[in-house]
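Analysis of the macromolecular model
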Amino acid sequence: MAGGGNKAVVAALLANTGIAITKFGAWLLTQSASMLAESIHSLADAGNQVLLLVGAKRAKRQADELHQFGFGRERYVYSFIVAIVLFSVGGLFALYEGYHKVHDPHGIDNWKWVPVAVLVAAIVMETLSFRTAIVEANKVRGQVGWARFIRNARSPELPVILLEDFAALTGLVLALVGVVLTLATGNGIYDGLGSMAIGALLVCVAIFLAIEMKSLLLGESATTEAQRKIVAAIESVPGVQRLIHIKTLHLGPEEVLVAAKVAVAEDADAASIAETINAAEQAVREAEPMSVHVYIEPDIYVEGYVPAERPPVPEAPSH
């Protein structure tokens, strides 16, 4: 995992662990549905950060005979599990608890100041964690907008932490509104509605995360900028007449597979072709250091020829 992602995950883990303990204490004193939903949410978030750290460690294992391209995608697997935990433990539980409280409302009769104080303190801690994630993301985001950065990121940790912290902060505000309205009116239905709002928010964030992690698990190409660098590097090599086609695939957040077919001169001998291919592979690795595996195939370019992506599927025999 990149250093920035690791720092953001650790900051979020420390913040959520402290917040979860504080919220559980407040729930035991007040029996507030919003406080219980927020407690479970923070506990789930802390567990999610542990999962991200475990995934990052396991992804560093050396390739073996069965996994010859290594274990880089394991980070995507654990990030997908994070989305499932956020959906089930966080979102669905909050919806259930809120539904139960709405149908059987009761006010907060004891320790009335505790939930407000705890939620305000949690907002402060979560804001610090969110700020750390933003600072670390800005180091790699450049001029790209936030939505595009999260959608196009190949490293899962920073987008996951950013979305989790955003959902946590929004959920804390919703919980605070629900608790304050309950205290002001004595009607516990507002507490239940706050819990349901938190649940709906977490479910939406979890679904979005699951969709993004599924795309990474299936295998996404290198970013547009990285592909431009790779193409320019190949086309700059003497002996390469033209790039016929190229495919890229992220084997992990920092590992890219590059497969390309290049046109060489018809009268080129084996030695010169090998020299050209070696030079092209070196140029690709220098232009895009994440290009860990580079395979370049020489060919003779024929105008109008379109290489088949795969052999045609034979028709089933008729009976």
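The structure under discussion appears in the preceding block.
Computed from a predicted model, the values in this text were never measured in an experiment.

Turning our eyes to something else, we now look at the pairing of strand S1 (residues 242-252). For S1 and strand S2 (residues 255-263), the ladder comprises 9 bridges, and the chain directions are antiparallel. Looking across to S2, one finds that leucine 243 is bridged to valine 262. Counting the residues that bridge the hairpin from S1 to S2 gives 2 residues.

Our focus in this paragraph is the nonpolar core. Formed by 41 residues in total, the largest nonpolar core has its most connected members in Ile161, Val205 and Leu209. Residue assignment for this core shows that the elements contributing at least two residues are helix H1 (3-30), helix H2 (33-58), helix H3 (74-103), helix H4 (113-141), helix H5 (146-152), helix H6 (157-185) and helix H7 (189-218). It is H6 that contributes the most residues to this core, 10 residues altogether. Core analysis: the next-biggest nonpolar cluster, separate from the first, contains 19 residues, Ala226, Leu243, Val264 and Ala280 among them.

Attention now moves to a nonpolar patch on the surface. Taken together, the side chains of Val173, Val177, Leu181, Tyr190 and Leu193 make up a nonpolar region of the molecular surface, amounting to roughly 390 Å² of accessible area. Counting residues per element, the ones that place at least two in the nonpolar patch are H6 and H7. Sorting elements by how many residues they give to the nonpolar patch places H6 first, with 3 residues. Mapped onto the elements, valine 173 comes out in helix H6.

Turning to the sheet that holds S2, a few remarks are in order. On the basis of which strands lie adjacent, the open sheet formed by 3 strands has the order S1-S2-S3 and mixed pairing. In this open sheet, the two strands that pair with only one neighbour each are S1 and strand S3 (291-299). Neighbour-to-neighbour, the strand axes of the sheet open up by a mean angle of 15 degrees, direction not taken into account. Lying over the sheet, helix H9 (residues 270-287) contacts S2 and S3, oriented at roughly 150 degrees with respect to S3.

A few words on the side chain of threonine 248. Turning to its location among the elements, threonine 248 is positioned in strand S1. Side-chain polar atoms of threonine 248 contact the backbone nitrogen of alanine 222, separated by 3.0 Å.

Further remarks concern the pairing of S2. Looking along a regular strand, one sees the side chains alternate between the two faces of the sheet. When you tally the buried positions in S2, you get 7 out of 9 residues, the bulk of the element. Taken together, the 8 bridges between S2 and S3 define a ladder with parallel strand orientation. Bridge pairing in S3 places alanine 260 opposite isoleucine 296. The parallel pair S2 and S3, bridged by H9, forms a crossover whose chirality is right-handed.

Moving on: the packing of helix H8 (residues 224-235) against H9. Contact geometry of H8 with H9 gives a least axis separation of 8 Å together with a crossing angle of 150 degrees. Both H8 and H9 take part in a crossing whose hand is right-handed. The residues of H9 that touch H8, namely those facing Lys229, Ile230, Ala233 and Ile234, are Ala283, Val284 and Ala287.

To continue, consider the packing of H2 against H3. The interhelical angle for the contact between H2 and H3, taken along N-to-C directions, is 175 degrees, at an axis separation of 9 Å. Taken as axis vectors, H2 and H3 run roughly antiparallel relative to one another. Class assignment of the residues belonging to the contact of H2 with H3 gives a composition of 17 nonpolar, 4 polar and 6 charged.

The rules behind the values
Residues numbered from 1 in each chain as written. Predicted model: local features only at pLDDT ≥ 70, side-chain atom pairs only at ≥ 80, totals over all residues. Heavy atoms only, no water. Pairing = 2+ DSSP bridges. Helix = DSSP H or I, 4+ residues; strand = E, 2+ residues; numbered from the N terminus. Core = buried A, V, L, I, M, F, W, Y, C linked by side-chain atoms within 4.5 Å. Buried < 20%, exposed > 50% of the residue type's maximum accessible area, 1.4 Å probe, protein only. Patch = residues over 30% accessible without salt bridge, like charges linked within 9 Å, V, L, I, M, F, W, Y side chains within 5 Å. Areas by Shrake-Rupley, 256 points an atom, 1.4 Å probe, with all protein chains shown as cover. Salt bridge = Lys/Arg side-chain N within 4 Å of Asp/Glu carboxyl O. Axes fitted to C-alpha atoms, helices over the stretch in contact; angles between N-to-C directions. Contact = heavy atoms within 4.5 Å. Polar contact = N/O pair within 3.5 Å; in protein donor to acceptor, adjacent residues only side chain to side chain. Right-handed = clockwise from strand over helix to strand, strands pointing away. Left-handed = near helix turned anticlockwise from the far one by under 90°. Parallel < 35°, antiparallel > 145°, perpendicular 65-115°, else oblique. Nonpolar A, V, L, I, M, F, W, Y, C, P; charged D, E, K, R; others polar.

Shape descriptors only; they carry no functional weight alone.
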